[in-house]
Structure formats: structure tokens, C-alpha cells
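Each chain is listed here by its residues.
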Amino acid sequence: MNATTTEQASAPVTEDALRRVLSAGERPPRPGPVSTSLTFGWRALLKIKHVPEQLVDVTMFPIMFTLMFTYLFGGALAGSTQEYLQFLLPGILVQANVMITMNTGITLNTDIQKGVFDRFRSLPVWRPSPLVGALLGDLVRYSIGSAIVIMLGLVLGFRPEGGAVGVVLSVVLLLVFSFCLSWLWTMLSLILRTPNSVAGVSMMVMFPLTFVSNIFVDPKTMPGWLQAVVEVNPITHLATVVRGLMDGSVPAGEIGWVLVSSVLLVAVFGPITMVLYRNKK
């Protein structure tokens, strides 16, 4: 280091010099809503990469439920395990995905408790992008869970009469509903104080919705008052649509009902979530 370099290093930095340095390069364009949401979605996928235990609910639980209900109850409920599997597997596909959505709220609440979302809210990005990105990342988890259930069903003998087209359409509709349902858990994650409380409340909501439905048995075998409850359950309509598409029929009325309920979920819980997110301290 020579004398000239020493003098430059020790010289005070003026405000004008800083402005010249900062304005010398072209400022990059501000990221849009799509790019920021995709970035946060990639962050969610990286978390799965580094913490693969997050996939336990996506992989093990659907396999356990499918095997247990098929071989423990299939003969008693339908006369044979193979016949019951044709009825059960679309329902298990629905149950697996809607139950997985609860992890969205738990993960988000964990980030909030760690202070990560305070940093996100200070960034000059589209305000909902951290939430939307987390939900987009979870769509990959839902897809993994769907693929596992379908592959297991094919191995056990499930044969969808609707073919590959019916299976793909049913999974797409299921992903749409799951994405919309996830907004309920994001709202709860901003209200409740701990991940355990989010998990507990979510289970209290989802267990009645999934078991008091037509996922496991035909509602015709239930008492009249319980049939009425099952018929208004949105999970029942979703399972009916998935079964219909996999069987080769297109229940247009049921599809419309599921799409309307999906829109209502976002319309109700989306704005509430954003208000809570802006006011979160």
C-alpha cells in the first residue's frame, strides 16, 4: 500500500461522493407480484429440501389410511377389499390433500414466531407475496401426496374407469380447492400464538369435516339427521366430484358447487388474512 492509497483510504467520505457512487449504476426494476410470489414459493420448496421430515404427512399418513381402511374395514363395508378400494381411494385422495393443508398454517406461524415475517413485511415487494408464495410451495406437497395415493391405489388394484384424463382432472380440481382452503389456515396462523395451537384448532376443524362425509362410507347407511349434515359438507361434494371424474362421469353441478365454494373460501378468508397480516405486531 503506497502513500496515495493510504491518503485515499483515510480521506472522509462526503455525501456527494456517496450519491455519485449510488447513482452510477442503473437501478434494477422493482419485482412484480408474480416474480416475488414465485421466489417465496421457491423458498418453501427449499425448506422441504433441507427439512424432508415435512413430507411425513404427505407420504406416510395417506399410505397408512389407505391400507388400514381397505384391509381392516373393506370386507365388512363393501363385501370385498377390491370393491371397497374402488370407492375408498378417491375419498382417501381428498382426505390426504385437505388434511395436508393444515401444515400451511403451522409453518407460517413458525415463521412468525421466529421473526422471519417481520423482515418480509419490510421488503419493497408486493405485500401478499410471502403468503401466496408459501401457498404455491404447498401445491407441490399436495401434488406429491396425490401421486403417492394414486400409485399406491394402482398397485393395490384400483382401476379408474375415467382413465388418465379423469384422474388428472380430479387432481387439478382437488389442488384448486386445497389452495383455496389453505387461506383459512393462514388466517388462523395470524390469530393464534403458537404452532401447537394452530395444529390443535386445525385438527378440531378438519377431523369432523373429513369423517362426517362420504369419504369412507355411503351416506345412505347413516341416520337421516346425519345424512343432512353430510350433504352440506363441502368435503362431501369434493369427494363426489373426484369419484365421478375417476369413474368416467362428469358431475357438472357438483363441479360448479366445488368451484363456487373455492371462490368463497378465498373471498372470505383472503381479505381477513391480509388485514391481519398488515396489522400483525
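Refer to the structure above for everything that follows.
In what follows, the accompanying structure is described. Please read these numbers as outputs of a predicted model, since none were measured by experiment. (Residues numbered from 1 in each chain as written. Predicted model: local features only at pLDDT ≥ 70, side-chain atom pairs only at ≥ 80, totals over all residues. Heavy atoms only, no water.)

Examining helix H4 (residues 56-78)
Definition in use: Bend, at a single residue, is the angle you get between axes fitted to the 7 residues ending at that residue and the 7 residues starting at it. We count a stretch as a helix when DSSP gives it H or I for four or more residues in a row; a strand needs E for two or more, and each element gets its number in order from the N terminus. Burial classes: relative accessible area under 20% of the type maximum marks a residue as buried, over 50% as exposed, and values in between as partly exposed (1.4 Å probe, protein chains only).
Helix geometry: H4 is bent most strongly at Leu 72, by close to 45°. Every buried residue belonging to H4 is among Asp 57, Val 58, Pro 62, Thr 66, Phe 69, Thr 70 and Gly 74, and all of these are buried.

Re the packing of aromatic side chains
This is how it is decided: For Phe, Tyr and Trp, where Trp contributes only its six-membered ring, two rings pair if their centres lie within 6.5 Å, and the inter-plane angle classes them as stacked under 30 degrees, edge-to-face over 60, or tilted in between. Cation placement over rings: the criterion is NZ of Lys or CZ of Arg within 6 Å of the ring centroid and within 35° of the ring normal.
What the rule picks out here adds up to 7 aromatic pairs. Ring centres of Phe 65 and Phe 69 lie 5.9 Å apart, and the angle between their planes is 15°; this geometry places the pair in the stacked category. Placement of the pair is Phe 65 and Phe 69 together in helix H4, with a separation of 4 residues, close to one helical turn. A relative accessible area of 24% places Phe 65 in the partly exposed class. One aromatic cluster is present, built from ring pairs that chain together Phe 65, Phe 69, Phe 73, Phe 207, Phe 211 and Phe 216. In this arrangement the basic side chain of Arg 243 is found over the ring face of Phe 87, its NZ or CZ atom lying 3.7 Å from the centre.

Structural notes on the side chain of Asn 233
This is how it is decided: Two N or O atoms count as a polar contact when they lie within 3.5 Å, although within protein this holds only if one can serve as hydrogen donor and the other as acceptor, and sequence-adjacent residues are included solely when both atoms are side-chain atoms. Whether two residues are in contact is decided by their heavy atoms: any pair within 4.5 Å suffices.
Positionally, Asn 233 belongs in the loop between helix H11 (224-231) and helix H12 (234-247). Within the structure, the side chain of Asn 233 is placed 2.8 Å from the backbone oxygen of Val 212, a separation counted as a polar contact. Those residues in contact with Asn 233, other than ones at most four positions away along the chain, are Pro 208, Leu 209, Val 212 and Ser 213.

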